[in-house]
Amino acid sequence: MESRYFKRDISWLSFNYRVLLEAEDDTLPLYERINFISIYSSNLEEFYKIRVADHKAIATGAAHSDEESVQSAMQLVSEINEEVNRQLEERIRIYEQKILPALRQQHIIFYQSRNVEPFHKEFLRSFFREEIFPYLSPVPVSKDKVISFLRDNRLYLAIRLYPKGDKGTEGQANKGRTPQYFVMKLPYSKVPRFIELPKHGKNYYLMFIEDIIKANIDTIFPGYDVDSSYCIKISRDADILIDESANTSEIIEQVKSKVKKRKIGAVCRFVYDRAMPDDFLDFLVDAFRINRQELVPGDKHLNMEDLRHLPNPNNAVRPIRKPQPMKLTCLDERESIFRYVEKKDLLLHYPYHSFEHFIHFLYEAVHEPTVREIMVTQYRVAENSAVINTLIAAAQNGKKVTVFVELKARFDEENNLATAEMMKAAGINILFSLPGLKVHAKVALVLRRDRQGHKLPSYAYISTGNFNEKTATLYADSGLFTCNPILVNDLHNLFRTFQGKENPVFHRLLVARFNLIPELNRLIDHEIELAKSGKQGRIILKMNALQDPAMIDRLYEASQTGVRIDLIVRGICCLIPGRKYSRNIRVTRIVDTFLEHARVWYFGNGGKPKLFLGSPDWMRRNLYRRIEAVTPILDPDLKRELSDMLSIQLSDKRKACFVDDHLRNRWKSARPQKEKVRAQYTFYEYLKSGELKVES
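So, how was this worked out
- Residues numbered from 1 in each chain as written.
- Predicted model: local features only at pLDDT ≥ 70, side-chain atom pairs only at ≥ 80, totals over all residues.
- Heavy atoms only, no water.
- UniProt positions renumbered as here; feature names shortened; annotations may be inferred.
- Phe/Tyr/Trp six-rings, centres within 6.5 Å; stacked < 30°, edge-to-face > 60°.
- Helix = DSSP H or I, 4+ residues; strand = E, 2+ residues; numbered from the N terminus.
- Lys NZ or Arg CZ within 6 Å of the ring centre and 35° of its normal.
- Axes fitted to C-alpha atoms, helices over the stretch in contact; angles between N-to-C directions.
- Parallel < 35°, antiparallel > 145°, perpendicular 65-115°, else oblique.
- Left-handed = near helix turned anticlockwise from the far one by under 90°.
- Contact = heavy atoms within 4.5 Å.
- Nonpolar A, V, L, I, M, F, W, Y, C, P; charged D, E, K, R; others polar.
- Buried < 20%, exposed > 50% of the residue type's maximum accessible area, 1.4 Å probe, protein only.
- Pairing = 2+ DSSP bridges.
- Polar contact = N/O pair within 3.5 Å; in protein donor to acceptor, adjacent residues only side chain to side chain.

Per an unreviewed UniProt entry, the protein carries the name Polyphosphate kinase and comes from Bacteroides stercoris. For the record of the protein, the UniProt heading Catalytic activity (unreviewed entry) holds the text "[phosphate](n) + ATP = [phosphate](n+1) + ADP". Regarding the protein, the relevant UniProt record gives this comment under Sequence similarities (unreviewed entry): "Belongs to the polyphosphate kinase 1 (PPK1) family."

And the structure:
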C-alpha cells in the first residue's frame, strides 16, 4: 500500500538540496552563493551525525526503535546515501561550473590542485617550510597494529608511498613493491584552511592548505617515493541519550559526562575522495575497521562548510549584504517600552527589527522600581549574552529573577550549563530540565506591584525564536509583547508549571501537552464545517517542519471537504500534496538570506481570521513530548500585519518554490530571477512603509 506520508529524512534532504540551489543564483552576491554551499555542507554533516547515526544504530541492532525495524532502517540508510550521492554531483557541478568561473571573472583565481603558476612555486615552498611543515605529524597505518584514532570531522590526508630502492617490476614502477600508508591531520588550529598567495597583475590567488601540502609532500617523506594522497574524514555519532526520567542533579551529571564522549562516538560516515583507487580504499577500510555501509564518496576537497571562511581579497567584489535591522521610533532608548505596551500590543519581527528592543525591555525591567520579578526561558544561549548579563544585573538590583534553562538542547548543552552556573552564582533562581520533557517555549514575563503590594499591569513576551542576539540576526522570527492580563496570568501559570505546579489551566495561551492539540482540532473542525456549508474554509500554516501523522491526517480531511490550505514549510514536510486526498493543499518552501524560523498559523474563521504565533512545529516531538507556547494575536492591526506577512510569502516567486508530490522543488515562475516579490526583502520594505503592495 502506498504511503500517505513522505519519509522524514528524505524530505529533509529535499530541503537541503533547495539550500544548495541558492549557490546557482547568479543575481546574488558571489560570496553569498559560496556561503550557501557552506550551509548545505554543514547541514549535511549534522544530519549524518544525528539522524543517520540513529538509523545505523537500529540497522546494526545497537539500538531499538518501536517505529523502525532493522530492515527498514537499512533500507532508509541506503536511500539516504543514494540521494546524497546524487546531490554531490550537483554540488560539484555548481562549484566547478558556476562558482569557480564566477571567482575568475572577479580576478580571484582559486587553485584546485597542487599545480600552480611558476611565479608562485617559490612562495609555496617557502610558506610550506616555514608555516605548515612544523605542525605536520604523519602517523603510520597498518592492518596488524593498533588502530589510529581519527577525530570527528577533521580532515586527514591518507598517503601511500614506497621506500626508495625497493624496485618494482620493470615498466611498472610500483608493481611488486610493498606500499606503506600514513595518515596526517591537517593543522587547522595553526594554519588557515585557505591561503592567500601573492597577487600577480590584476589577479588574486587562493589555495587550499591540503593542496599546498600535496605540492610539497615529497619533502615530508625523504627516502620514499610518494604514490598518491587523498583527503578523508570521519563523522561520529553526536547524539547523546539522557535518561529522561532522571532528576535534575542526575541530568546535570549525565550532560557533563556524555557531552565529553560526543567526539569519540561511533563512526556513522567515512567520507573519502572518490578518485581514490579501490585497493587504497580497501586498505583503509580494513585498517580502520570501517563498515562498508559507512562509506560515502566525496569530492577531492572535503569539509566544504569551511567555505564560509573563504577570504575575499578583491575589495571590488560585492560582499554579502543583508537588510539592516531597523529600530522603531516609538521604541528608541528615550521611550518606555512598558508605557507603549500598556496601551497597545507590540509585534517585532527579527532580523528586520533590532533585537536591541528586547534587550531594552529587559533593561527597563532592571531599573523600573515596580518590577518585582522577571521570568525567562533559555533554550539556546548566545556566548557573552547581553540577555544573560541584563538578567544578572536585575538580580543584583534586587529583582527576583527566575530562568528556566533547558540542558537537553542539542549541541548547546555545555554552553547552557556553564551559563546556568554563572547565573546561579549571581543570585538568579535556576530551573533545569523537566524529567521526560524538553521545554522549547520561548517566553518571558515581567511582574509588577506597587509599594502596597497591589498588582500593576505586567508584561508577557511570547516568541517563535530563542533569546539569542546572534541568531536574531540570522533567523526570521516574530515575538509579541502584551499586557493582556489573561495572557500574563496564563504565562505565570506556565512558569509555575516549570516549578512543579500540577494541572494548570490556560485560558488563551496554547501549551503543548495541555490544551494545544484540542484547540488545533477545534480550529480545523470549524474550517471543515464552513466548507461543508458552502462557505470558504481557509488555513495558512507557516512552520519549519510538518511531520506528525495525526495532524497531517486532519489537513487531508480538511482538504477533502474543500478547505483551501497553504503550507509554508521551510524544512521537513511529510504531507504529500497533489494527491486526491490533498488536492486543495499547496506546499511552499522559502530559502533566502535569513533562515525562515517563525511559526505563524492562520484560520479563516468565516472572514474573521484567527492568528497565532509560537514555538512549536507540527512534529510529534513538539506536540507531544515538549512544552511549547503559542499565543493568539488579538490586536486587529497586528492580525493584519501577520496576515500581510503570510500574503507576501505566498506571493513570492523569486525565492519560494512549490514542493510537489515527488519532493521536487518546483519554481513558481519560469524565470524566478526576474520576479519582483522576494518575500524577505519585500516584507522588510513593508515594515518600513506599512504598506502592502503585492497580491496574494
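Caption draft 1: The packing of aromatic side chains, seen in detail. Going through the model one piece at a time under the given rule, you end up with 38 aromatic pairs. Consider the rings of F119 and Y205, whose centres lie 5.8 Å apart with planes at 70°: the pair is edge-to-face. With F119 in helix α4 (residues 118–132) and Y205 in strand β6 (residues 203–208), the pair connects residues that are 86 residues apart, well separated along the chain. Clustering of aromatic rings is evident, with ring pairs tying together F338, Y350, F355, F358, F361, Y459, Y461, F467 and F481. In this structure, R86 packs its charged tip against the face of Y17, placed 4.8 Å from the ring centre.

Caption draft 2: Region of the structure containing the packing of helix α17 (residues 636–651) against helix α18 (residues 679–689). Closest axis-to-axis distance for the α17/α18 pair is 9 Å, and the angle between their directions is 150°. With respect to α18, the element α17 is oriented roughly antiparallel. In this structure, the crossing between α17 and α18 has a hand that is right-handed. On α18, the residues touching R640, E641, D644, M645, I648 and Q649 of α17 are A679, T682, F683, Y686 and L687. Split by residue class, the contact of α17 with α18 holds six nonpolar, two polar and three charged.

Caption draft 3: How the structure looks around the pairing of strand β10 (residues 346–350). Buried residues dominate β10, accounting for five of its five residues. Note that β10 and strand β17 (residues 475–482) share five bridges and pair antiparallel. Bridging from a neighbouring strand, Y350 pairs with D477 of β17.

Caption draft 4: Highlighting the UniProt feature "domain: Polyphosphate kinase C-terminal" (unreviewed entry) in the protein. Residues given the UniProt feature "domain: Polyphosphate kinase C-terminal" (unreviewed entry) here are residues 336–502 and 509–680. Taken end to end, residues 509–680 is 30% helix and 27% strand, and its first and last C-alpha atoms sit 28 Å apart.

Caption draft 5: Here's a closer look at the UniProt feature "binding site: ATP" (unreviewed entry) in the protein. UniProt records the feature "binding site: ATP" (unreviewed entry) for N43, Y475, R570 and H597 in the present numbering. Residue position: N43 is located in helix α2 (residues 30–59). Leave out the neighbours within four places in its chain, and N43 touches W12, F15, N16 and V19. Side-chain polar atoms of N43 contact the side chain of N16, separated by 2.9 Å. Along the chain, the position of Y475 falls in strand β17. The class for Y475 is partly exposed, based on a relative accessible area of 25%.

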